[in-house]
Amino acid sequence: MTNNFPEILTSEKINERHIDFRNVLFGLDKNVISIENLEYLTKIYNSTKQLDIRSKILKLLYDFDFATLKEFFSNAYKKERYLDMKIYALRGLANFVEEKDITKLLEKLNQTLAKRQETTPYNYQEYELLKGKNALPYLVEKFGYECFKQTLEQVNRQYNAMPEAFKGHFTTDENGESVMLRKPEEIKTIMDKFWEDDRKKYVK
């Protein structure tokens with residue numbers, strides 16, 4: 001299994017912007033990941049500033065329960081600022097910690113989530129990622145913890161409170177991949193109309 005791990009991901013001098021590197025990482029089969037080679041992925045995660053790369057690595061690793069990953073996911077949860085990334089880290093951490101520990105973490109996350117509604121009321125991208133099939137709904141179904149249910153309910157409440165113009169543009173599948181529900185030009189038309197109508201409210 002280790003022999004099948006792509007060599008380009010093991011290099012000490014990785015160019016994370018190189019197309020070959022990105023193609024290999026984003027096309028990586030989870031089946032080639034082992035306890036012997038996962039350190040290459042955690043090193044890339046810890047060294048990169050690219051959000052999409054960190055997100056991809058979290059999703060590649062969050063179903064593994066190798067003991068060395070407990071600290072990795074704990075640190076990742078503290079490090080990430082976007083709530084969807086925190087939930088991906090928490091999905092991995094949930095393989096190692098008890099419900100009471102997760103409840104404490106989610107209490108703070110829920111407070112941050114509530115503030116999102118005040119500071120970025122049309123935060124539909126983050127809501128859709130949190131509602132994705134690989135995120136909170138997955139955690140509710142797998143673990144059934146009340147804390148996961150409460151956080152998902154809060155996400156749904158805040159999502160539903162948004163204007164219709166910000167809903168139903170995309171979703172996320174079981175693998176964490178975005179699935180567009182509307183064409184880009186249709187989304188632009190809906191958004192443009194919303195902002196134009198909103199502007200007219202303040203024009204005498």
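See above for the structure.
What comes next concerns the included structure. (Residues numbered from 1 in each chain as written. Predicted model: local features only at pLDDT ≥ 70, side-chain atom pairs only at ≥ 80, totals over all residues. Heavy atoms only, no water.)

So, helix α9 (residues 146–160)
Cut-off, in case you're wondering: A helix here means a DSSP run of H or I that spans at least four residues, while a strand means a run of E at least two residues long, and both kinds are numbered starting from the N terminus. One less than the residue count of a helix, multiplied by 1.5 Å, gives the span that helix is expected to have. The cut-offs for exposure are 20% and 50% of the maximum accessible area for each residue type, with area from a 1.4 Å probe on protein chains only; residues under the lower value are buried, those over the upper are exposed, and the others partly exposed. It is the directions from the helix axis to the C-beta atoms whose arc is reported. The contact criterion used is simple: two residues touch if any of their non-hydrogen atoms lie within 4.5 Å.
Over its 15 residues, α9 extends 21 Å from the first C-alpha to the last, a length consistent with the 21 Å expected when each residue adds 1.5 Å. All of the buried residues along α9 are Cys147, Phe148, Thr151, Leu152, Gln154, Val155, Gln158 and Tyr159. For α9, the angular spread of buried residues about the axis comes to 155°, placing them on one side. For α9, the exposed residues set more than 90 degrees away from the buried face come down to Arg157 and Asn160. For α9, the secondary structure elements touched by its buried residues are α5 (83–93), α6 (99–119), α7 (124–130) and α8 (136–143).

Details of α5
Of all 11 residues in α5, 11 are buried; the element is thus mostly enclosed. The set of residues buried in α5 consists of Leu83, Asp84, Met85, Lys86, Ile87, Tyr88, Ala89, Leu90, Arg91, Gly92 and Leu93.

Digging into the side chain of aspartate 84
Just so we agree on the cut-off: The positive count covers Lys and Arg only, the negative count covers Asp and Glu only, and His and the chain ends enter neither. In the sections that follow, a salt bridge refers to a side-chain nitrogen of Lys or Arg positioned within 4 Å of a carboxyl oxygen of Asp or Glu.
Looking at the secondary structure, you find aspartate 84 in helix α5. Arginine 116 is the oppositely charged side chain nearest to the buried, salt-bridge-free aspartate 84, at an N-O distance of 6.8 Å.

A short note on the layout of surface pockets
Keep this limit in mind: The rule is simple: put a 1 Å grid over the protein atoms alone, call a set of points where a 1.4 Å probe fits but cannot get out a cavity, call an open set with protein on both sides within 12 Å along at least five of seven lines a pocket, and count a residue as lining if it has an atom within 4 Å of a point. Grid points are joined across faces, edges and corners, and a volume is the space filled by probe spheres set on the points. Think of it as three bins: nonpolar holds Ala, Val, Leu, Ile, Met, Phe, Trp, Tyr, Cys and Pro, charged holds Asp, Glu, Lys and Arg, and polar takes everything else, Gly as well.
Each pocket or cavity is described by its volume, and for the largest pocket that value is around 220 Å³. Looking at the largest pocket, the residues that line it are Tyr77, Lys78, Arg81, Leu83, Lys86, Lys104, Leu105, Lys108, Leu109 and Thr112. Where the lining of the largest pocket is concerned, the elements lending two or more residues are α4 (69–79), α5 and α6. Tallying contributions element by element places α6 first for the lining of the largest pocket, with five residues. Here the lining of the largest pocket is composed, by residue class, of four nonpolar, one polar and five charged.

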